[in-house]
Amino acid sequence: DGETADIVIGGGGAIRLDDDTAARTRDGAVARHRLTVRNAAAHPVTFEARLRTGAGERIEGPSTRLGSKDGAALWRVTVPANGVARLDYRLVTRD
């Protein structure tokens, strides 16, 4: 009871996720991230990614509005057929 199970069906390698992380600031407090989802399928797909943060971390400045799921930030996007979707954000460590 109360547990969540995520099941992924299909895809067959048509969906690819890349996480490009830029270097942190000199004090180590901020890291810039860019998530890129590529859809090689001939039809649009709905993609979800939960962005979990560690103790003392928070997400700032997302390039699109994020939702929430199971206590984590949620990026939900429809990726067009043979298309790309991107999310940019900063992961900030609090002092």
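Structure: see above.
Novice: How should I be thinking about the sheet that holds strand S3 (residues 45-51) in this particular structure?
Specialist: Two pairing modes exist for strands in a sheet, parallel and antiparallel, and in both the strands are linked by backbone hydrogen bonds. Strand order in the open sheet formed by 3 strands is S3-S6-S5, and the pairing between neighbours is antiparallel. Unpaired on one side and paired on the other, S3 and strand S5 (67-69) mark the two borders of the sheet. Adjacent strand axes in the sheet meet at a mean angle of 40 degrees, parallel and antiparallel pairs treated alike. Taken together, the 3 bridges between S5 and strand S6 (residues 72-79) define a ladder with antiparallel strand orientation. Looking across to S6, one finds that Ser68 is bridged to Ala73.

Novice: I keep staring at the environment of Ala41 and nothing clicks. Help me out?
Specialist: By secondary structure assignment, the location of Ala41 is in the loop between strand S2 (30-39) and S3. For the pair formed by Ala41 and Val79, sequence separation is 38 residues and the distance between their alpha carbons is 9.8 Å. Apart from the residues lying within four places of it in its own chain, the contact partners of Ala41 are Ala14, Ala81 and Asn82.

Novice: Help me out: how do you make sense of the pattern of salt bridges in this one?
Specialist: When their charged atoms lie close together, side chains carrying opposite charge are able to pair. Per the counting criterion, the structure on display carries 8 salt bridges. A salt bridge links Arg16 to Asp18; its shortest N-O distance comes to 3.0 Å. Given a relative accessible area of 45%, Arg16 falls into the partly exposed group. When the shortest N-O distance is used, the salt bridge between Arg76 and Glu48 registers 2.4 Å. Placement of Arg76 in strand S6 and of Glu48 in strand S3 is noted, with a sequence separation of 28 residues between them. We classify Arg76 as exposed; its relative accessible area is 56%.

Novice: Would you mind showing me how to read unusual backbone geometry here?
Specialist: The phi torsion of most residues other than glycine is negative, and most of the peptide bonds are trans. The phi dihedral of Asp70 is positive, around 55 degrees, even though this residue is not glycine. Inspection of the secondary structure assignment puts Asp70 in the loop between S5 and S6. Positive phi is not limited to glycine here, since Asn82 has a value of about 50 degrees. If you trace the backbone, Asn82 turns up in the loop between S6 and strand S7 (84-93).

Rules used throughout
Residue positions within a chain follow its written sequence, with the count starting from 1. Only residues with pLDDT of 70 or above have their local features reported here, since the model is predicted, and side-chain atom pairs are shown and tallied only from 80 upward, although totals for entire chains, interfaces and linings are computed over all residues. Note that the side-chain values use all heavy atoms of the structure and ignore hydrogens as well as water. Two strands qualify as a pair provided DSSP detects at least 2 bridges between them. Segments assigned H or I by DSSP are reported as helices when at least four residues long, segments assigned E as strands when at least two residues long, and all are numbered from the N terminus. To get an axis, fit a line to the C-alpha atoms, keeping to the stretch in contact for a helix; angles then go from 0 to 180 degrees between the N-to-C directions. Contacts are assigned to residue pairs with any non-hydrogen atoms lying within 4.5 Å of each other. Each reported salt bridge corresponds to a side-chain nitrogen of Lys or Arg within 4 Å of a carboxyl oxygen of Asp or Glu. The cut-offs for exposure are 20% and 50% of the maximum accessible area for each residue type, with area from a 1.4 Å probe on protein chains only; residues under the lower value are buried, those over the upper are exposed, and the others partly exposed.

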